[in-house]
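Below, each chain spelled out in residue letters.
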Amino acid sequence: MTQQYAWYAMKSYCLNKKNIVAPGIYANIKVVQDQIILSVRGPNLNDPKYWESRSHELIAFQGVHGAKVDAVFYQQFQKTKSALGDEILETVKANEIYTVASVGHGAGGVFATFALLEFWEQINSINAKIAEFENLIKVQLVLVSFGQPHIGNKVFAQYMNGLQYKGILKVYRFTNTDDMVPRLPARVEGAYHHYVHSVFEVWQGESTCDCQQEDTILYLCKGQTLSDERGIPLIEESQECNNKYGIAHFTPHNGPYLQVPMGSCLKDIPPWEKPIFHIH
């Protein structure tokens, strides 16, 4: 995986009204080499007033028993009326490309998650009607987010972990130093809005981080790993990277991530020939 994903997450800020799929949600699909990339943009989360004025309620996530997700984000996404999942599926069929990457910054990462899961459920529905194993549609899903906030409860997180455990989904959740947004909405133990991240964290920070160092400023922060009765990993967020700061700030939210700044549209041509970072 290269900074190509960061570039397309940034390019979501270049989208205009023709790319609106629901109020406040912009999206675009491109075929890039051997994969399909969905770029999604949502509302600006780099503002304390946004978090002060919104509800922090969780609601049921369709299709996964016990899973709950943030009501504000999910209800906003549901107004897309399956537009993103349908468009991904049409692009897959038209190009016969079966690697699908969904990318986004901030709220865009949340909607990129929902869109990819919607597409996955559509694939499951199609495959359920196919009798021969060799005729099943086999896809590889990649989810890459930058400064993504919390999405749902532990059941939702476990569902995401299960997709990774089965090799269906690869997830990279990038955080930048002491960015506040990945900690929001705040986790509250024992309450209905118990938010946890579902995936391994790729953290950009100082070399003092007690994590596996991948590059001079990138660290894989896997947190505490347990297992349920089926052997599927239960992942708790790392406390050694973004969460280690007693006080967080909104300033780092726009990066840059992998040397690509977020929050505005850049017109430069990306240097694909010389990727700067590579994470396995």
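Before reading further, recall that the structure is shown in the block above.
What you see is a predicted model; the values in this text were computed from it and never measured. (Residues numbered from 1 in each chain as written. Predicted model: local features only at pLDDT ≥ 70, side-chain atom pairs only at ≥ 80, totals over all residues. Heavy atoms only, no water.)

Visitor: Help me get a handle on the pattern of salt bridges, residues and values and all.
Guide: A full pass over the atoms with the stated rule returns 2 salt bridges. A salt bridge links Arg 54 to Asp 70, with the nearest nitrogen and oxygen atoms 2.8 Å apart. Placement of Arg 54 in the loop between α2 (48–53) and β4 (58–60) and of Asp 70 in strand β5 (residues 68–70) is noted, with a sequence separation of 16 residues between them. Summarising the burial analysis for this pair, Arg 54 and Asp 70 share the class buried. Between Glu 201 and Arg 173 there is a salt bridge, and its shortest N-O distance comes to 3.8 Å. Placement of Glu 201 in strand β9 (residues 201–204) and of Arg 173 in strand β8 (residues 169–176) is noted, with a sequence separation of 28 residues between them. Given a relative accessible area of 2%, Arg 173 falls into the buried group. (Salt bridge = Lys/Arg side-chain N within 4 Å of Asp/Glu carboxyl O. Helix = DSSP H or I, 4+ residues; strand = E, 2+ residues; numbered from the N terminus. Buried < 20%, exposed > 50% of the residue type's maximum accessible area, 1.4 Å probe, protein only.)

Visitor: Tell me what's going on with the nonpolar core, and back it up with residues and numbers.
Guide: Core analysis: the biggest nonpolar cluster contains 50 residues, and Phe 61, Phe 73, Phe 114, Phe 119, Leu 141 and Phe 156 have the highest contact counts within it. Looking at this core, the element that brings in the most residues is helix α5 (residues 107–127), giving 11 residues. Leave out the neighbours within four places in its chain, and Phe 114 touches Phe 61, Val 69, Phe 73, Tyr 74, Phe 77, Ile 151 and Phe 156. In this structure, Ala 9, Ala 101, Tyr 172 and Leu 220 belong to the second largest nonpolar core, which totals 22 residues. (Core = buried A, V, L, I, M, F, W, Y, C linked by side-chain atoms within 4.5 Å. Contact = heavy atoms within 4.5 Å.)

Visitor: Got a sec to walk through the packing of α5 against helix α6 (residues 154–165)? Specific residues and values, please.
Guide: Contact geometry of α5 with α6 gives a least axis separation of 13 Å together with a crossing angle of 60 degrees. Regarding the angle of α5 to α6, the classification is oblique. Of the two possible hands of crossing, α5 and α6 adopt the one that is left-handed. On α6, the residues that touch Thr 113, Phe 114, Leu 117, Trp 120 and Glu 121 of α5 are Phe 156, Tyr 159, Met 160 and Leu 163. (Axes fitted to C-alpha atoms, helices over the stretch in contact; angles between N-to-C directions. Parallel < 35°, antiparallel > 145°, perpendicular 65-115°, else oblique. Left-handed = near helix turned anticlockwise from the far one by under 90°.)

Visitor: How would you sum up unusual backbone geometry? Please name residues and give values.
Guide: The linkage connecting Leu 184 with the following residue, Pro 185, adopts the cis geometry, with an omega of -15 degrees. Inspection of the secondary structure puts Pro 185 in the loop between β8 and β9. Here the amide bond leading from Gly 255 into Pro 256 is cis, since omega sits at 15 degrees, within 30 degrees of zero. At Gln 259, a residue that is not glycine, the phi angle is positive and equals roughly 70 degrees. One can find Gln 259 in the segment after β13 (233–236). Classification of Gln 259 by relative accessible area gives exposed; the value is 54%.

Visitor: If you had to explain the packing of aromatic side chains to someone new, which residues and values would you point to?
Guide: If you walk through the whole model with that rule in mind, you get 11 aromatic pairs. Their ring planes at 20 degrees and their centres at 4.9 Å tell us that Phe 146 and Phe 174 sit as a pair that is stacked. Note that Phe 146 is positioned in strand β7 (residues 140–146) and Phe 174 in strand β8, a separation of 28 residues in sequence. Each member of the pair, Phe 146 as well as Phe 174, carries the same accessibility label: buried. Chaining the aromatic ring pairs together yields one cluster made of Phe 61, Tyr 74, Phe 77, Phe 114, Phe 156 and Tyr 159. (Phe/Tyr/Trp six-rings, centres within 6.5 Å; stacked < 30°, edge-to-face > 60°.)

So yeah, pure geometry; function would need other evidence.
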